[in-house]
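# An overview of the molecular structure
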Number of protein chains: 6
Amino acid sequence: MANRVDGRKLDELRKVVITPNPLRFAEGSAMIEWGNNKVLCAATLEQKVPPYLIGTGSGWVTAEYAMLPRSAKQRVPRESAKGAPNKRGIEISRIVSRALRAAVDLKKLGERTILLDCDVIESDGGTRTASITGAWVAMALAVRRLEEMGQASQGILAHQIAAVSVGVVEGRAALDLNYIEDAQAETDMNIVMNELDEFVELQGTAEKRCFNRTQLEQMLAMGQAGIAALFAEQKRALG
Amino acid sequence: MANRVDGRKLDELRKVVITPNPLRFAEGSAMIEWGNNKVLCAATLEQKVPPYLIGTGSGWVTAEYAMLPRSAKQRVPRESAKGAPNKRGIEISRIVSRALRAAVDLKKLGERTILLDCDVIESDGGTRTASITGAWVAMALAVRRLEEMGQASQGILAHQIAAVSVGVVEGRAALDLNYIEDAQAETDMNIVMNELDEFVELQGTAEKRCFNRTQLEQMLAMGQAGIAALFAEQKRALG
Amino acid sequence: MANRVDGRKLDELRKVVITPNPLRFAEGSAMIEWGNNKVLCAATLEQKVPPYLIGTGSGWVTAEYAMLPRSAKQRVPRESAKGAPNKRGIEISRIVSRALRAAVDLKKLGERTILLDCDVIESDGGTRTASITGAWVAMALAVRRLEEMGQASQGILAHQIAAVSVGVVEGRAALDLNYIEDAQAETDMNIVMNELDEFVELQGTAEKRCFNRTQLEQMLAMGQAGIAALFAEQKRALG
Amino acid sequence: MANRVDGRKLDELRKVVITPNPLRFAEGSAMIEWGNNKVLCAATLEQKVPPYLIGTGSGWVTAEYAMLPRSAKQRVPRESAKGAPNKRGIEISRIVSRALRAAVDLKKLGERTILLDCDVIESDGGTRTASITGAWVAMALAVRRLEEMGQASQGILAHQIAAVSVGVVEGRAALDLNYIEDAQAETDMNIVMNELDEFVELQGTAEKRCFNRTQLEQMLAMGQAGIAALFAEQKRALG
Amino acid sequence: MANRVDGRKLDELRKVVITPNPLRFAEGSAMIEWGNNKVLCAATLEQKVPPYLIGTGSGWVTAEYAMLPRSAKQRVPRESAKGAPNKRGIEISRIVSRALRAAVDLKKLGERTILLDCDVIESDGGTRTASITGAWVAMALAVRRLEEMGQASQGILAHQIAAVSVGVVEGRAALDLNYIEDAQAETDMNIVMNELDEFVELQGTAEKRCFNRTQLEQMLAMGQAGIAALFAEQKRALG
Amino acid sequence: MANRVDGRKLDELRKVVITPNPLRFAEGSAMIEWGNNKVLCAATLEQKVPPYLIGTGSGWVTAEYAMLPRSAKQRVPRESAKGAPNKRGIEISRIVSRALRAAVDLKKLGERTILLDCDVIESDGGTRTASITGAWVAMALAVRRLEEMGQASQGILAHQIAAVSVGVVEGRAALDLNYIEDAQAETDMNIVMNELDEFVELQGTAEKRCFNRTQLEQMLAMGQAGIAALFAEQKRALG
């Protein structure tokens, strides 16, 4: 069977390396290098919650995703220069927020917010799944520090979470699309799972051609295998 | 088996009625009443495309979703009053845009844009799937008029598209969640399909509890049946 | 005497029908269909007032007017897409606010705000007067509910208020201009009156040719008659 | 009959002085001092028109009204600091624009725009009528310069325009309300007229109590007399 | 030695006149006319401080600089029309703020804010130094009133502050550049000093050609002399 | 003499390392690590110029400076979240722009724009001078590539430019202040120089206490020595 544009097999992940705590100030941080992607993830702990949670005893997890201007071939203008919100960025921020929130026991977190900043330094397809996978490590490091300081209950981190993209390229399911593959994919799907092999979020979009049940099964199988490898790298990074 | 909050069976759709062309000015329009939801969908034909498509011979389809202030129990402030974009609205607009785009042969459309406005007049859970299902009828009416005027090639409308939500409520898969069910669902999934039983978009989110493979299978089966009923109502509306 | 573009006599009102409480959630609502205009009016009761009224014992009434994108022949872009406030909408919102405020005894209302949303679904000239006339019914229904719940003093609604446009078209005064007449009118005047035949707001603008005292007298007489008919329809809607 | 708060008679105008061309750069300008009001009016000639007028041979007149931060007792925040448009300023800008447009033969102006900036340096009630009255002088000076340079047809300035406020204070009609009277007025009306005693704009608002036909007649008579005095001062300023 | 474009010697200041308290409402104000520049400076006293100073016992001084639309040959659009902040205005506002803050003993001021509005009515080069020099007088008048009312400690005004521009034009250092000189200057430097001949802010920019140490010395000497003259005029204005 | 907070001598620079071309896509890029500061500088070449330069044959250089949210101890909110421009960032962007523009012969550049993005990944005082020093290397690499491709005239890069901060801390002049020193400095000055020992920009601000001529001399001497060391590191990075 013919190989992919970068020589990988259809079910082969690009190389992933997560470096813990590259930042001095963040309560937890992680640099994830995934193929040519490079995303800096920072976790901030805030002693406050959104207005509608005040007095509920429950915490909150939210994320912001953005690309540095020259993380892409074509320069991405800053929002301040465009005078308009970046709609793609808003959609991705919401997906990353939901994924990370599913990892935390919000009651045990208490009335605190964990804010995850995912800033893309270099991009090559799959930055939203890299953001989720790296931000989970940044969050785990921040929670560990919080627990070590004895300021919060144990067990805040309820699940391990990672994400990977799969797609249908030239009629064949493939794992972890890079930018060139992503641009020509018929279908692109992001899979977020936890350590129990359960789904946290599943988002598949027919970019050029709709996908059928068989292709869905193939993509889910490939994604599940990829996520197992990502769980291992996350654990390695946490030491 | 115990019935649902509004007495429906687990695989039962709420009543759906689509009224064609309620608006005088739009090139095509549809009012979709789906349970207590009421969404006004209007299709506008513009003789221009976004800058990056000029000269390609290809057209564009895009959508804007918004809620009227008192379509909900709690008044939704207008963007002009808040001074900030509505992030939920932006995410939904992007999903509706992608779904409708998958229905059209953009080459046959030519350098035109079809802009779909989905304005929610009353809401009760599932306004994004109602928007997709109703906007497809508005678009079909606009394309029909365009073709009848002999101004464009035939076959612009390549697929029939409809969408429905499914979820896991109290551990059981259920079709077409209303607002109360949606608020207490463990998982919420939106399924967009075409007339060939293929997927256009699949977006499942674990709101409270992650979902497993078995639950996914159940939800997909329920969704497919629901969409078949929606296809029938769309055809009835088009006469 | 030659008839008007739609066959009406110079002092003839278009058909007006007000439907009470079309919305499930609003504290009061009204759909006003006036010729081809269709405006959805919703009243929201808020248990707060603007900062400068806190502690004064006095309430507030304010309104927001907007057009749905395809309520007009030429699509009206949303503010969020234009990135700029709609200046015409702001001017009309202020006029509608002042008119409705004149109907209420703000001291008896107490420290509450009544917020009126007027959303134009179809337009054909005269949407601001339709908004005032319909919003008064929505407000009356909300106040009635408030009084029935025994939560407020009686007599909050001090006046009945309605509005109509008059103009000078081809040198002759005419009542209730439609879009075509409005576009070619020399002068356009909006008259807001109460049940005592007093003026609440009078706004006349020479669009193409200035108007004299005689024309002013004719327009005021026509307007007063038109408003009497609107008062009757408002009462019918309130049952 | 009891005198007013500043000793004036009911039909007495405050002192008005218009100084021509106080600015070095504007094509025409005027400083109007009216009682304690002080408004700087500048006319700018632009060799372009809004998009919808291109190719029609017709010109445009528009105005922008704003208050300097300390023109009022309570500092008025700048829009850039508030991050929101000033709705009162937008409404007044639109009224001033319409009034000045009625003074010009737009066809003779040709495809040019006259932009009038009205900046309030000190305020004491009636700044919108002062803006209209002063801006007319600034515009007349700019048109005179244009005609003297032989760059445009003669007769661009079709009418003389001035504006004054009248009101009902403690049940009595009064001319030219100052800030204290304006705050306690039952009704406030702005009258814009041309040199033929015709109305350009008439805007009356019942601030506290609705007004009847008799009061309207009294206010119109007072306003007409006041405007005659303003026409004289405008002519004096133009020399 | 050849004279400058307006006949001045290289070390000659343009004529400067400061008029105290031209405004009725501001706690202190000054109109500074400097050559053809005309800047209105208003000081507002607010009984509050920015959030990070609450409870520190320390006050704050800040400034806002803006140009009226026709203060310049080319009309300056208002921010509200451009929909974007004026970056030059923001930079100047920050410089003026820092300069004025250096004049005040913030502890003695107590938890109050002095807000200085500098609005340019006419411009001819050097409006930022005119703003600083004029705003100091406005602030001194406001502080004097505050002290006279016995509401604050004595000695709030710790320093006298004035500012002047210098530059290198055609290779020669020159004091107080007007607009024409500023446009062709190789280097432009703004010097802010106090009454002890110390520097508050020094900002030199090589617009066309970098400057050397000798030129720096010449500019500083000229600036110091110019500021002495400005101190005298400030004192004259304060009486 | 007592050492500084981090043990350095008064005239000692922190360690500076510049890494060339860390980014795949930018036409030129540099990572500058300066003490604990880490700034990513990217140069983008655009084949267009601002409107007022079209047809002049002259190019343009501009810069944008921003901090990543967790580059600082206290998280810096994104502009998109705050809904307001970052005024400090705008002031620094303008200073960086002017400094880099002074390095280029704009006529030889031709009608192109070099846009420099300076994104702060970690901060510890002095990020604006690090941005200037690093961005010069990014720009030099982009210009080198442009010249090697034979698409532009030689000699576009007219000057070498670097920047350093100096200050007065506890009464003594000191080179290259870190964050702690910067916070307690009486005076802070940024010096930008070229390879001829000339000044490009000089900006000194008395933060807590004004500075005199002697202190100015000491700071300029220290700054000049520091910049010589930076020039050497820039050359090393360019190879």
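Below is a short write-up of the structure.

What follows deals with the packing of helix α4 (residues 127-148) of chain B against helix α6 (residues 213-238) of chain B. Residues and elements named next belong to chain B. Taken N-terminus to C-terminus, the directions of α4 and α6 make an angle of 35 degrees; their axes are 10 Å apart at the nearest point. At the point where α4 passes α6, the crossing takes the right-handed sense. Between α4 and α6, the residues in contact are T133, W136, V137, A140, L141 and R144 and L230, Q234, A237 and L238, respectively. Taken together, the residues of the contact of α4 with α6 break down into seven nonpolar, two polar and one charged.

The next thing to look at is the interface of chain B and chain A. Each partner contributes residues to the interface: chain B has 26 residues there, and chain A has 27 residues. Surface buried jointly by chain B and chain A totals about 2600 Å² across both partners, of which 55% is contributed by carbon and sulfur atoms. Seen at the junction of chain B and chain A, the total is six salt bridges. Connecting chain B to chain A are 16 residue pairs in polar contact (both at pLDDT 80 or more). Those elements that place two or more of their residues in the side of chain B that touches chain A are α2 (87-101), β8 (187-194), β9 (199-206) and α6 of chain B.

Before going further, it helps to examine the sheet that holds strand β9 (residues 199-206) of chain D. If you walk across this open sheet you meet the eight strands as β7(C)-β6(C)-β8(C)-β9(C)-β9(D)-β8(D)-β6(D)-β7(D), and the pairing is antiparallel. Looking at strand neighbours, the two that pair on one side only are β7 (172-175) of chain C together with β7 (172-175) of chain D, the edges of this open sheet. Averaged over neighbouring strand pairs, the angle between their axes works out to 15 degrees when direction is ignored. Relative to β7(D), strand β6 (residues 161-169) of chain D runs antiparallel, the two being bridged by four bridges. Bridge pairing in β7(D) places D:V166 opposite D:L175. Docked against the sheet, helix α2 (residues 87-101) of chain C engages β6 (161-169), β8 (187-194) and β9 (199-206) of chain C together with β9 of chain D, running at close to 155 degrees with respect to β9(C). Across the sheet, helix α2 (residues 87-101) of chain D is in contact with β9 of chain C together with β6, β8 (187-194) and β9 of chain D; its angle to β9(D) comes to roughly 155 degrees.

This part is about the sheet that holds strand β8 (residues 187-194) of chain A. Read across the open sheet, the eight strands follow the order β7(A)-β6(A)-β8(A)-β9(A)-β9(B)-β8(B)-β6(B)-β7(B); overall the sheet is antiparallel. For this open sheet the edge positions go to β7 (172-175) of chain A together with β7 (172-175) of chain B, each flanked by a neighbour on one side alone. Between one strand and the next, the sheet's axes are offset by a mean angle of 15 degrees, whatever the strand orientation. Packed on one face of the sheet, helix α2 (residues 87-101) of chain A meets β6 (161-169), β8 and β9 (199-206) of chain A together with β9 of chain B and runs near 155 degrees to β9(A).

Here we take up the relation of the copies chain B and chain A. Here chain B sits on chain A after a turn of 180 degrees about the axis and a move of 0.0 Å along it, with an RMSD of 0.0 Å. The superposition of one copy onto the other is thereby described by a two-fold rotation axis. Measuring from the rotation axis to each C-alpha of chain B, the shortest distance belongs to B:Q203, at 2.2 Å. Both copies contact each other with a shared surface, as 100% of the interface residues of chain B are interface residues in chain A too.

Here we take up the interface of chain D and chain E. In this assembly, 32 residues from chain D lie in contact with 32 residues from chain E. Interface area lost by chain D to chain E is led by D:F25, D:R70 and D:R78, which between them contribute 28%. Between E:R78 and D:D117 there is a salt bridge, and its shortest N-O distance comes to 2.8 Å. Connecting chain D to chain E are 20 residue pairs in polar contact (both at pLDDT 80 or more). Going through the elements one at a time, β3 (37-46), β4 (60-67), α1 (79-82) and β5 (113-122) of chain D are the ones with two or more residues in the side of chain D that touches chain E. Of the residues forming the side of chain D that touches chain E, the biggest block, six residues, is contributed by β5(D). Looking at the side of chain D that touches chain E residue by residue, the classes come out as 15 nonpolar, five polar and 12 charged.

So, about the relation of the copies chain D and chain E. Mapping chain D onto chain E is achieved by rotating through 180 degrees and translating by 0.0 Å along the same axis, at an RMSD of 0.0 Å. Most of the interface of chain D is mirrored in chain E, where 100% of its interface residues again form contacts.

Under the criterion given, the structure shown has 12 aromatic pairs over all chains. Between B:Y52 and B:W60, the ring centres sit 6.1 Å apart and the planes meet at 85 degrees, which makes this aromatic pair edge-to-face. Exposure remark for B:Y52: the relative accessible area of 56% places this residue in the exposed category. When the ring centre of F:W60 is taken as origin, the NZ or CZ atom of F:R101, which lies over that ring, is 3.9 Å away.

Criteria and thresholds
- Residues numbered from 1 in each chain as written.
- Chains lettered and ligands numbered in written order.
- Predicted model: local features only at pLDDT ≥ 70, side-chain atom pairs only at ≥ 80, totals over all residues.
- Heavy atoms only, no water.
- Axes fitted to C-alpha atoms, helices over the stretch in contact; angles between N-to-C directions.
- Helix = DSSP H or I, 4+ residues; strand = E, 2+ residues; numbered from the N terminus.
- Left-handed = near helix turned anticlockwise from the far one by under 90°.
- Contact = heavy atoms within 4.5 Å.
- Nonpolar A, V, L, I, M, F, W, Y, C, P; charged D, E, K, R; others polar.
- Buried area = accessible area lost by both parts, 1.4 Å probe.
- Salt bridge = Lys/Arg side-chain N within 4 Å of Asp/Glu carboxyl O.
- Polar contact = N/O pair within 3.5 Å; in protein donor to acceptor, adjacent residues only side chain to side chain.
- Pairing = 2+ DSSP bridges.
- Least-squares fit on C-alpha atoms with pLDDT ≥ 70 in both.
- Phe/Tyr/Trp six-rings, centres within 6.5 Å; stacked < 30°, edge-to-face > 60°.
- Buried < 20%, exposed > 50% of the residue type's maximum accessible area, 1.4 Å probe, protein only.
- Lys NZ or Arg CZ within 6 Å of the ring centre and 35° of its normal.

Everything listed here is a matter of geometry and, on its own, says nothing about what the molecule does.
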